[in-house]
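Examination of the molecular architecture
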Amino acid sequence: KAGVTQTPRYLIKTRGQQVTLSCSPISGHRSVSWYQQTPGQGLQFLFEYFSETQRNKGNFPGRFSGRQFSNSRSEMNVSTLELGDSALYLCASSRQGGENSPLHFGNGTRLTVT
Amino acid sequence: AQSVTQPDIHITVSEGASLELRCNYSYGATPYLFWYVQSPGQGLQLLLKYFSGDTLVQGIKGFEAEFKRSQSSFNLRKPSVHWSDAAEYFCAVATNTGNQFYFGTGTSLTVIP
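Residues numbered from 1 in each chain as written. Chains lettered and ligands numbered in written order. Predicted model: local features only at pLDDT ≥ 70, side-chain atom pairs only at ≥ 80, totals over all residues. Heavy atoms only, no water.

Looking at the overall build of chain B
Our working rule: Segments assigned H or I by DSSP are reported as helices when at least four residues long, segments assigned E as strands when at least two residues long, and all are numbered from the N terminus. The quantity called the radius of gyration is restricted to C-alpha atoms. Its globule counterpart is 2.2 Å times the number of residues to the power 0.38.
Scanning chain B from terminus to terminus reveals 0 helices and 12 strands. For chain B, the N- to C-terminal ordering of α and β elements is β-β-β-β-β-β-β-β-β-β-β-β. Compactness check: chain B gives a C-alpha radius of gyration of 13 Å against a globular reference of 13 Å for 113 residues, within 12% of the reference. When the backbone C-alpha atoms are referred to their principal axes, chain B occupies close to 45 × 30 × 20 Å.

This is the structure:
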């Protein structure tokens, strides 16, 4: 079974631009979560989608948004990029979320904002 | 509020030595606890999980962890470390009402030959 796939692996953007990251979950998984990983802050929860609905949201500004499609694939968008948005963005999927549903992570998208 | 503390930022052990990585959590209800490992440039891989039942859980790669409710701890252990175990290790707690995970800040493991 294929794992969680994130594209692209690397991105370089300029401050003020916007970016879209993509995540394809493991087949059969309906929950997709996004995390931002930085050396100083560790793993920070962005949001979680289940059946095309945002079910949980972390403490990030509105510039960070996401969506989930009917095939469970998810995209994350960051508008008006800032230097501090440079990070590894990790997508994780699970069957249905909640108890007995460990997260399965992709290899991440490394975003660099210059 | 839920939180996870990994007191050791960095640990160095010799190959073949035993290992214990510490994890303390704060969560009001029954916790769902996990250990993940991350190699450079990679995502996180699940090592083991605790939901209920036996407080000593076995994971992949020879790792085990023990849940101690009285100490709010979920420490990761391995009897004999291999050079390939060098990586970043994350402890996490999940809420039982959704799919929101809270991660510790990680422990970086260096293995010396």
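A closer look at the nonpolar core
Short version of the rule: Nine residue types can take part in a nonpolar core, namely buried Ala, Val, Leu, Ile, Met, Phe, Trp, Tyr and Cys, and a core is a set of them joined through side-chain atoms within 4.5 Å. Summary of the burial criterion: residues with accessible area below 20% of their type's maximum are buried, those above 50% are exposed, and those between are partly exposed, where the area comes from a 1.4 Å probe applied to protein chains only.
Core analysis: the largest hydrophobic core is formed by 27 residues, its most contacted members being Leu19(B), Trp35(B), Leu47(B), Leu48(B), Phe74(B), Leu76(B) and Tyr89(B). Counting residues per element, the ones that place at least two in this core are strand E2 (10-14), strand E3 (19-21), strand E5 (32-38), strand E6 (44-50), strand E8 (64-68), strand E9 (73-78), strand E10 (87-94) and strand E12 (107-112) of chain B. Broken down by element, this core gets its largest block of residues, 4 residues, from E10(B). Grouped together as the second largest cluster of nonpolar side chains are 21 residues, Leu21(A), Tyr49(A), Tyr89(A) and Val113(A) included.

What about the state of the cysteines?
Operational definition: Counting rule for disulfides: a pair of cysteine sulfur atoms within 2.5 Å.
Across all of its chains, the model carries 2 disulfides over all chains by this definition. Between Cys23(A) and Cys91(A) runs a disulfide, and the two sulfur atoms are separated by 1.8 Å. Its S-S torsion of approximately -60° makes the covalent link between Cys23(A) and Cys91(A) left-handed. With a gap of 68 residues between them, Cys23(A) in strand E3 (residues 19-24) and Cys91(A) in strand E9 (residues 87-94) connect regions that are remote in the sequence. With relative accessibility at 0%, the residue Cys23(A) sits in the buried group. One disulfide bridge connects Cys23(B) with Cys91(B), the sulfur atoms lying 1.9 Å from each other. Its torsion about the S-S bond being -65°, the disulfide of Cys23(B) and Cys91(B) is classed as left-handed.

Some words on the pattern of salt bridges
Filter applied, for reference: One speaks of a salt bridge when a side-chain nitrogen belonging to Lys or Arg is within 4 Å of a carboxyl oxygen belonging to Asp or Glu.
One pass over the full model with this rule turns up 9 salt bridges over all chains. One salt bridge in this structure joins Arg63(A) and Asp85(A), with 2.8 Å as the shortest N-O distance. With Arg63(A) in the loop between strand E6 (53-57) and strand E7 (64-68) and Asp85(A) in the loop between strand E8 (74-78) and E9, this residue pair connects regions lying 22 residues apart in the sequence. Ionic pairing is found between Asp8(B) and Arg22(B), a salt bridge with its closest N-O pair at 2.9 Å. Of the two residues, Asp8(B) sits in the loop between strand E1 (3-5) and E2 while Arg22(B) sits in the loop between E3 and strand E4 (24-26), which places them 14 residues apart along the sequence. The exposure class of Asp8(B) is buried, given its relative accessible area of 19%. Classification of Arg22(B) by relative accessible area gives partly exposed; the value is 39%.

As for the pairing of strand E5 (residues 42-50) of chain A
Residues and elements named next belong to chain A. Quick note on the threshold: One bridge is not enough; two strands pair if DSSP finds at least two bridges between them.
Extensive coverage of E5 is indicated by the burial of 8 of its 9 residues. In the sheet, strand E4 (residues 31-38) pairs with E5 via 8 bridges, with the strands oriented antiparallel. Considered in E5, the bridge of Val-32 is made with Tyr-49. Between E4 and E5, which pair antiparallel and follow one another directly, the connecting turn spans 3 residues. Adjacent in sequence and paired antiparallel, E5 and E6 are bridged by 2 residues, among which Ser-51 carries a positive phi angle near 50°.

All quantities given are derived from atomic positions and should not be read as evidence of function.
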